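Here is how the chains run, residue by residue.
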Amino acid sequence: MIITADDIRGVRDLAVNIQDNRRIDPYIKETENLYVLPAFGAVLYRDIEANRDKYKELLDGGYYADGEKWFAGLTAACAYLAYSRMLYNQPVNVTAFGVVYKDGEFSSRTDEAALTRAAKQAEDIGKKYLAGCVDYLKDTGAIGGRCGRDGNNINKRYKVIGD
C-alpha cells in the first residue's frame, strides 16, 4: 500500500483507541484500488509501491514548474479518500446477530446527515488532490496525455442507451 494509518492521522484526527490497522487498512486498500489504480494505471501504481524514494515529490507534493504550480501530493490525496471511506462505514459493525451501531458509555451516535457531509467533504478534497497529482505527472512529462483508463477524470460515468 502507498499510505499507512499514520498518514490518515496526518490529515485528520482519529480516535487514539483505533490502533488496530485491520480496521483501517481495508479502507486504504479500497482507496488505492478505486481511485489511484484507475487514475495512474497499474504499471505506474506498482512502480510507486515498489520505489517510494523515486516518487518522493509525487507522494509529498509541493511546488513545481519554477514555483508556478502546486499540488498536495499523493499521500494527502489517499489519506483524505481513505478517511472518507472510514467515515461512511465506521459506525456500522457486522456481528453474529446482524448489523449494529456500536455505542459505548462515552460515545453517542452522530447524526447520519452530519456524518455523510463530513465524509463527502473529505472525499471531495481527496479527489481534488488526486487530480492535482495527475496534472503534476502530465506537466512534468512523467506520463503522456492520458493517465490510467480515464485520464484525470476519475469520476467518468457511462450511460448505456438501448439494448
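Heads up: the structure comes first, above all this text.
These numbers come from a predicted model, not from an experiment.

Draft legend 1. Local environment of unusual backbone geometry. Even without a glycine there, the phi angle at Ala-65 is positive, about 55°. Even without being a glycine, Asp-66 presents a positive backbone phi close to 55°. Take Asp-66: it is sitting in the loop between strand E1 (62-64) and strand E2 (69-71).

Draft legend 2. Region of the structure containing the packing of helix H2 (residues 21-40) against helix H5 (residues 74-89). Interaxial distance between H2 and H5 falls to 8 Å at its minimum, and their mutual angle equals 125°. What the angle tells us is that H2 and H5 run oblique. Taken as a pair, H2 and H5 cross one another with a handedness that is right-handed. Along the contact surface, H2 presents Ile-24, Tyr-27, Ile-28, Glu-30, Thr-31, Glu-32, Leu-34, Tyr-35, Val-36 and Phe-40, while H5 presents Leu-74, Cys-78, Leu-81, Ala-82, Arg-85, Met-86 and Asn-89. Of the residues in the contact of H2 with H5, the class split is twelve nonpolar, two polar and three charged.

Draft legend 3. Spatial organisation of H5. Here H5 contains 16 residues, and its C-alpha end-to-end distance of 23 Å stays within 8% of the 22 Å for a straight helix at 1.5 Å per residue. Of all 16 residues in H5, 13 are buried; the element is thus mostly enclosed.

Draft legend 4. Quick look at the nonpolar core. Counting 39 residues, the largest nonpolar core has Ile-8, Phe-40, Ile-48, Leu-58, Leu-74 and Leu-130 as its most contacted members. Elements supplying a minimum of two residues to this core: helix H1 (5-11), H2, helix H3 (42-50), helix H4 (56-60), H5 and helix H6 (112-139). Considering each element in turn, this core owes the most residues, ten residues, to H5. When neighbours within four sequence positions are excluded, Ile-8 is seen to be in contact with Ile-3, Leu-14, Ile-24, Ile-28, Ala-79, Ala-82, Tyr-83 and Met-86.

Draft legend 5. A look at the pattern of salt bridges. One pass over the full model with this rule turns up seven salt bridges. Lys-54 serves as the salt-bridge partner of Asp-47, at 3.0 Å between the closest nitrogen and oxygen. With relative accessibility at 57%, the residue Lys-54 sits in the exposed group. For Lys-127, the salt bridge goes to Glu-123, with nearest N and O atoms at 3.7 Å. Separated by four residues within a single helix, Lys-127 and Glu-123 lie in helix H6, roughly one turn from each other. Comparing Lys-127 with Glu-123 shows no difference in burial state: the two are buried.

About the criteria used
Positions within a chain are numbered from 1, following the residues in the order the chain's sequence is written. Selection of residues for local features in this predicted model requires a pLDDT of at least 70, selection of side-chain atom pairs for listing and counting requires 80 or more, and totals for whole chains, interfaces and linings are taken over all residues. The basis for the side-chain values is all heavy atoms of the structure; hydrogens and waters are excluded. The helix and strand labels rest on DSSP assignments: H or I over at least four residues marks a helix, E over at least two residues marks a strand, and numbering proceeds from the N terminus. Each axis is a line fitted through C-alpha atoms, and for a helix only the stretch in contact is used; angles between axes span 0 to 180 degrees, taken between their N-to-C directions. The scheme is simple: roughly parallel for angles under 35 degrees, roughly antiparallel for over 145, roughly perpendicular for 65 to 115, oblique for anything else. Helix crossings are classified by the rotation of the near helix relative to the far one: an anticlockwise turn of less than a right angle makes the crossing left-handed, while a clockwise turn makes it right-handed. Contacts were defined at the residue level, with two residues in contact if any of their heavy atoms lie within 4.5 Å. Charged means Asp, Glu, Lys or Arg here, nonpolar means Ala, Val, Leu, Ile, Met, Phe, Trp, Tyr, Cys or Pro, and polar covers whatever is left, Gly included. Take the residue count of a helix, subtract one, and multiply by 1.5 Å to get its expected span. The buried label applies to any residue whose accessible area, calculated with a 1.4 Å probe on protein chains only, is under 20% of its type's maximum; exposed applies above 50%, and partly exposed to all values in between. Buried Ala, Val, Leu, Ile, Met, Phe, Trp, Tyr and Cys residues form a nonpolar core when they are joined through side-chain atoms within 4.5 Å. For this analysis, a salt bridge means a side-chain nitrogen from Lys or Arg found within 4 Å of a carboxyl oxygen belonging to Asp or Glu.

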